[in-house]
Amino acid sequence: MSTVWILLNIAIMLLIIFGLYTMQKKHISFSKRVFTALAVGIVFGVGLQLTYGAKTDIIKDSIEWFNIVGKGYIKLLQMIVMPLVFISILAAFTKVKLTNNIGKISSLIIGILIATTAVSAAIGIGTTLAFHLEAVQIQQGDQETNRAAQLEKTFGQIQDLSLPQKIVELLPANPFLDLTGQRSTSTIAVVIFAALLGMAFLGVKGKQPEHATFFAKIVDTFYTIIMRVVSIILRLTPYGVLALMTKVTATSDYLAILKLGKFVLASYVAILIMFAIHLILLAVTGLNPISYLKKTFPVLTFAFTSRSSAGALPLNVETQRDKLGVPEGIANFAGSFGLSIGQNGCAGIYPAMLAVMIAPTIGIDPLTPSFIVSLIAVVAISSFGVAGVGGGATFAALLVLSTMNMPIALAGLLISVEPLIDMGRTALNVSGSMVAGVITSRVTKELDTNIYNEQTQKHVEA
């Protein structure tokens, strides 16, 4: 009998997908289709849980089929991320405007990312103290205990490394290995490798311009092809969002969310405050934050749903370039750097909140100025090399807690509500990288304000 219900669920999903396809054929805007998929996915997922229950085999088997669309979409995005990061950074060096200010541009982007991460850490600390959050308030069940064991195992891979050694780990000893994404620091290693090739290109351009010109044509050709692949994958976004949101709402443990509501609320308060700071930074530079909010909402929605900063990279770069008026080179730099440096949510707010929650359990007063300053500094430094995929926040937390000599097993306390919190953190990460790109373009006077201020901008789907 359960097979009949599973087939019914699959049939409903296929009907919804057909509805989204019909909207596309009628040339309904991309944003409207994404938001429709988001809303329908929430309703469908909640309906499934109310009908069958979150832990039933019917839900489990139905989600397995839905994952063909949801996880399949994420895998396609992950497939293109490393090639896109590599060719985007390399292509940035072939752009005439960017090569004239390459040092200033890269310094500004990295500086903004690190500075905003330090600010987000301070906000995480303040929010945790304001809500009086402590690790002892959370009861550890089997799920938390198992998570602690997993973290101890993961920590065993990095515990013998000093901070300088961890920094050295960012460098690409084998760029071909890093292009496969096998290390947690692979993304930043690929960025470094591509940047070195780019600087070599600039050197050759001055001495052997004919070779540089030939190389630039090759790079631009590969960039054009890869961006075409990206465009094809992005057409699937509404369907991916539908499946992902259905899975989240159908399988979420709402009882655990209610029990840990205080921690979830505190996390989202910190995320919203930091997002408000992003808007304030734009306003300070003379840009309309409302325009930014409207134009970035689709990519932020996708980041929220997918929980993958890396998966959102194509939309991130495209939004900066086509909707916010950021030059292509700067958009590539900001989007790529933002995957591994200064993630405001995963590498900033989350590790800081955990450290403050855990501090009282080992006799440390989290209100001590020296502790707060040290924590902010460690969070900022540790934000280098955090992977932009699911699990990046955990890696960042391990780095921070181990550096602060805190028990890393307690980082698994929020495992039952981790997906819900991670959705907001990921959206904040992506916003941080886009803000870095916009502000850098503004400071270097390369931002196309006509595009930024344009009220209606069509999404590129060709």
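- By the naming in an unreviewed UniProt entry, the protein goes by L-cystine uptake protein TcyP and is assigned to Brevibacillus laterosporus LMG 15441.
- Reading the Subcellular location (unreviewed entry) entry of the UniProt record for the protein gives the comment "Membrane".
- Taken from UniProt, the Sequence similarities (unreviewed entry) comment for the protein reads in full: "Belongs to the dicarboxylate/amino acid:cation symporter (DAACS) (TC 2.A.23) family."

1. Some words on the overall build of the protein
Right, so step 1: The secondary structure content of the protein amounts to 21 helices and zero strands.
Right, so step 2: For the protein, long-range pairs separated by at least 24 residues make up 85% of all intrachain contacts whose partners lie at least 6 apart in sequence.
Right, so step 3: Carbon together with sulfur atoms contributes 67% to the accessible area of the protein, which is approximately 19800 Å² in total.

2. Describing the nonpolar core
Right, so step 1: Counting residues in each nonpolar core, the largest one holds 111 residues, and the members touching the most others are Ile109, Leu282, Tyr292, Phe302, Phe333 and Val438.
Right, so step 2: Here this core takes 19 residues from helix H3 (residues 57–94), the largest share from any one element.
Right, so step 3: Once you skip the residues sitting within four places of it in the chain, Val438 turns out to touch Leu282, Leu287, Gln320, Leu324, Val326, Leu447 and Tyr452.
Right, so step 4: Counting residues in hydrophobic clusters, the runner-up holds 16 residues, among them Ala121, Ala352, Phe371 and Leu401.

3. Notes on the environment of Leu354
Right, so step 1: Its place among the elements puts Leu354 in helix H17 (residues 344–358).
Right, so step 2: Since its relative accessible area comes to 3%, Leu354 is described here as buried.
Right, so step 3: Sequence spacing of Leu354 and Leu401 is 47 residues, and the spatial spacing of their C-alpha atoms is 8.3 Å.

4. Considering the pattern of salt bridges
Two side chains of opposite charge can pair, provided their charged atoms sit close to one another.
Right, so step 1: All chains considered together, the criterion is met by four salt bridges.
Right, so step 2: Residues Asp422 and Arg307 are paired through a salt bridge, measuring 2.9 Å at the closest nitrogen-oxygen approach. Highlighted residues: Asp422 in helix H20 (residues 418–443) and Arg307 in the loop between helix H14 (289–306) and helix H15 (313–322), separated in sequence by 115 residues.
Right, so step 3: For Asp422, a relative accessible area of 4% puts it in the buried group.
Right, so step 4: Residue classification places Arg307 among the partly exposed residues on the basis of a relative accessible area of 26%.
Right, so step 5: Among the salt bridges present, the one from Arg321 reaches Asp322, with a minimum N-O distance of 2.9 Å.
Right, so step 6: Residues joined in a network through salt bridges with shared partners are Arg307, Asp422 and Arg425.

5. Quick notes on helix H9 (residues 186–207)
In an α-helix there are 3.6 residues to a turn, and that puts residues three or four apart on one side.
Right, so step 1: Spanning 22 residues, H9 covers 32 Å between terminal C-alpha atoms, matching the ideal 32 Å at 1.5 Å per step.
Right, so step 2: Of the residues making up H9, those classed as buried are Ser186, Thr187, Ile188, Ala189, Val190, Val191, Ala194, Ala195, Gly198 and Phe201.
Right, so step 3: Where H9 is buried, its residues meet H3, helix H8 (175–178), helix H10 (209–234) and helix H16 (328–337).

Each value, and the rule that gives it
- Residues numbered from 1 in each chain as written.
- Predicted model: local features only at pLDDT ≥ 70, side-chain atom pairs only at ≥ 80, totals over all residues.
- Heavy atoms only, no water.
- UniProt positions renumbered as here; feature names shortened; annotations may be inferred.
- Helix = DSSP H or I, 4+ residues; strand = E, 2+ residues; numbered from the N terminus.
- Contact = heavy atoms within 4.5 Å.
- Areas by Shrake-Rupley, 256 points an atom, 1.4 Å probe, with all protein chains shown as cover.
- Core = buried A, V, L, I, M, F, W, Y, C linked by side-chain atoms within 4.5 Å.
- Buried < 20%, exposed > 50% of the residue type's maximum accessible area, 1.4 Å probe, protein only.
- Salt bridge = Lys/Arg side-chain N within 4 Å of Asp/Glu carboxyl O.
- Expected span 1.5 Å × (residues − 1).

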